[in-house]
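Chain by chain, the residues:
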Amino acid sequence: MIRSEILKEIAPIIRDHLVVCNIGLPSQELHMIDDQPTNFYMLGTMGLSSSIGFGLALAQSKSVISIDGDGSVLTNLGTLPTIANNATGNFTLLIIDNGSYGSTGDQPTYAGKKTSLTAVARACGCDTVIEVQDKDLGPVLQAAIDSDEMTIIVCKCDSGNIKLPVITMDPVVIKHRFMEAVKA
Amino acid sequence: MNIDKKITDDLVANDVSFVTTVPCKQLAGVIEEIDQRSEIFHIPSNKEDEGMGLCAGAFMGGKRSAIIMQNTAIGVTINTLATLTQFYRMPLPMIISYRGELREPVACQVEMAVHTKALLAQMHIPTYHFHWQDDVREFDNILKYTFMCNKPVAILTDANFWGGYGDQ
């Protein structure tokens, strides 16, 4: 499965939760598949999906899912010790690990080579880290959301992209709509 | 006047309840004060752009947030300031240790100090410079200004403000 197929499959699971979605194609795909006020689309700032989602999870009690990529986590590896050492049960980090920088033309990442983000997350002190194959993600993600344990999911999948338009929604509108959904 | 306590008191009085920090020798006292205050959730960051991401999330979660860091971080965070904090219009007080200014003992710090105000000006970030201890009296107003205008705002605090480095 490629990332867009995964997002299509998990859309019903994440629909009612706060979602912070990674820059580029992941946000564009989620926006096209199932736009929700509970989705925060990153239009820039590669690497910070996990940090934004984690800050959000620490600030309020609703469940938060950060959708990240292997390349983006590699950009901001310092996020994993921060998350591990301040764990909060309402946070789920979903790393869609296709071993490539999808939005920039599928250049390979080190996560697709020798580096295991699952092992890195564990070494950083994250207590619950689950590596899962794409087709098995749904139940694992649902269980992570339902549990009181902060969970890091590394979902291994194929690289590949679909053609789709950029998000034209104004960032302030995205933020405002999202903050209203957080408060609701 | 205890400036560590004054800064922390002003943060609390302005409802700032989420603070992330990347340490600096000059900031050790204020970081310790913040860490001890029950009204503030203190989360150390490994890098300043990560910290700004945490602050953005906390802000959207309903908590006023702030970051404490060195001026070297301006070099690290230009992209985050532009594409996250400014693009989405989020308030962010940045309490910045202004290394490389008067009474600085480490020459390399000057190399970033000479760019600091120019970079902040280029980013159109409102910038205040605390040089004398009394300058801290403006901090409360700066916080109110930051949350009024929804912008990142820089408060540069130099070695003279913090009382220098002793005999150095």
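Residues numbered from 1 in each chain as written. Chains lettered and ligands numbered in written order. Predicted model: local features only at pLDDT ≥ 70, side-chain atom pairs only at ≥ 80, totals over all residues.

A.B. asks: Run through the overall build of chain B, naming residues and quoting values.
C.D. replies: On a plain count of helices and strands, chain B comes out with seven helices and six strands. Secondary structure elements in chain B, listed N-terminal to C-terminal, are α-β-α-β-α-β-α-β-α-β-α-β-α. In terms of overall size, chain B behaves like a compact globule, its C-alpha atoms giving a radius of gyration of 15 Å where 168 residues would be expected to give roughly 15 Å. In chain B, which comprises 168 residues, the proportion classed as buried is 50%. Once local pairs closer than 6 in sequence are excluded, the contacts in chain B between residues at least 24 apart make up 78%. (Helix = DSSP H or I, 4+ residues; strand = E, 2+ residues; numbered from the N terminus. Rg over C-alpha atoms; globule rule 2.2 N^0.38 Å. Buried ≥ 20, exposed ≤ 12 C-beta atoms within 10 Å, placed from the backbone. Contact = placed C-beta atoms within 7 Å.)

A.B. asks: Run through the overall build of chain A, naming residues and quoting values.
C.D. replies: Broken down by element type, chain A carries eight helices and eight strands. Here the C-alpha atoms of chain A give a radius of gyration of 15 Å, agreeing with the 16 Å that 2.2 N^0.38 yields for 184 residues. Overall, the C-alpha framework of chain A stretches about 40 × 35 × 30 Å when taken along its three principal axes. Looking at the 184 residues of chain A, the share that counts as buried comes to 48%. For chain A, the share of sequence-separated contacts (at least 6 apart) that also reach a separation of at least 24 residues comes to 68%.

A.B. asks: Describe the confidence of the model for chain B, and please don't skip the residues or the numbers.
C.D. replies: Keep in mind that low pLDDT regions are not for reading the predicted coordinates in detail. Looking at chain B, the pLDDT average stands at 96 and 98% of residues meet or exceed 70. In the model output, the complex is listed with pTM 0.97 alongside ipTM 0.97. (pLDDT = per-residue confidence, 0-100.)

A.B. asks: Which residues make up the sheet that holds strand E3 (residues 64–69) of chain A, and what are the values?
C.D. replies: All names here are of chain A. Here we have six strands laid out as an open sheet, ordered E2-E1-E3-E4-E8-E7, and parallel in their pairing. Taken across any chain shown, the strands that pair with only one partner, and hence form the sheet edges, are strand E2 (39–41) and strand E7 (129–133). On average, each strand axis in the sheet is tilted by 20° relative to the strand beside it, whichever way the strands run. Summarising the sheet, E7 and strand E8 (residues 151–156) pair through five bridges and their orientation is parallel. Among the inter-strand pairings, Gln 133 is bridged to a residue of E8, identified as Lys 156. Along the sheet face, helix H7 (residues 137–146) touches E3, strand E4 (91–97), E7 and E8 and points at about 170° away from the line of E8. (Pairing = 2+ DSSP bridges. Axes fitted to C-alpha atoms, helices over the stretch in contact; angles between N-to-C directions.)

A.B. asks: Before we move on, can you summarise the sheet that holds strand E5 (residues 127–130) of chain B with the specific residues and values?
C.D. replies: All names here are of chain B. Spatial ordering of the open sheet is given by E2-E1-E3-E4-E6-E5, a layout of six strands whose pairing is parallel. At either end of the open sheet lies a strand with only one pairing partner, and these are strand E2 (41–44) and E5. Geometrically, the sheet is characterised by an average inter-axis angle of 20° between neighbouring strands, direction not taken into account. Pairing of E5 with strand E6 (residues 152–158) involves four bridges; the strand directions are parallel. Pairing of Tyr 128 across the sheet is with Ile 155, part of E6.

A.B. asks: Report on helix H1 (residues 3–13) of chain B, specifying residues and quantitative values.
C.D. replies: Residue and element names in this part refer to chain B. Within H1, the full set of buried residues consists of Ile 3, Ile 7, Thr 8, Asp 10 and Leu 11. Around the axis of H1, the buried residues are gathered within 160° of arc, so they sit on the same side. Immediately beyond the C-terminal end of H1, within one or two residues, lies Asp 15, with a positive phi of roughly 65°. (Arc of directions from axis to C-beta.)

A.B. asks: Got a sec to walk through the interface of chain B and chain A? Specific residues and values, please.
C.D. replies: Opposite the 25 residues of chain B that make contact, chain A presents 27 residues. Among the secondary structure elements, those contributing two or more residues to the side of chain B that touches chain A are E2, helix H3 (48–60) and helix H4 (72–86) of chain B. Sort the elements by how many residues they give to the side of chain B that touches chain A and H3 of chain B lands first, with nine residues. When its residues are assigned to classes, the side of chain B that touches chain A shows 11 nonpolar, nine polar and five charged. (Nonpolar A, V, L, I, M, F, W, Y, C, P; charged D, E, K, R; others polar.)

A.B. asks: Lay out helix H5 (residues 107–122) of chain B with the relevant residues and their values.
C.D. replies: Each full turn of the α-helix corresponds to 3.6 residues, which orients residues three or four apart in the same direction. In H5 of chain B, a bend of some 35° at Thr 116 of chain B exceeds every other bend along the element. Downstream of H5 of chain B by a residue or two, His 124 of chain B has a phi angle that is positive, lying close to 55°. (Bend = angle between axes of the 7 residues up to and from the residue.)

A.B. asks: Which residues make up the packing of H1 of chain B against helix H2 (residues 28–36) of chain B, and what are the values?
C.D. replies: Residues and elements named next belong to chain B. Here H1 crosses H2 at 45°, and the two axes come no closer than 8 Å. What the angle tells us is that H1 and H2 run oblique. Judged by the sense of rotation from one axis to the other, the crossing of H1 with H2 is right-handed. Contacts between H1 and H2 involve Asp 4, Lys 5, Ile 7 and Thr 8 on the former and, on the latter, Gly 29, Val 30, Glu 33 and Ile 34. (Parallel < 35°, antiparallel > 145°, perpendicular 65-115°, else oblique. Left-handed = near helix turned anticlockwise from the far one by under 90°.)

A.B. asks: Tell me about the pairing of E8 of chain A, and please be specific about residues and values.
C.D. replies: Residues and elements named next belong to chain A. A large share of E8 lies buried, amounting to six of its six residues. On E8, burial covers both faces: Thr 151, Ile 153 and Cys 155 on one face and Ile 152, Val 154 and Lys 156 on the other are all buried. In the sheet, E4 pairs with E8 via six bridges, with the strands oriented parallel. For Thr 92, the partnering residue across the bridge sits in E8 and is Thr 151. Following the chain from E7 across H7 to the adjacent parallel E8, one finds a crossover that is right-handed. (Right-handed = clockwise from strand over helix to strand, strands pointing away.)

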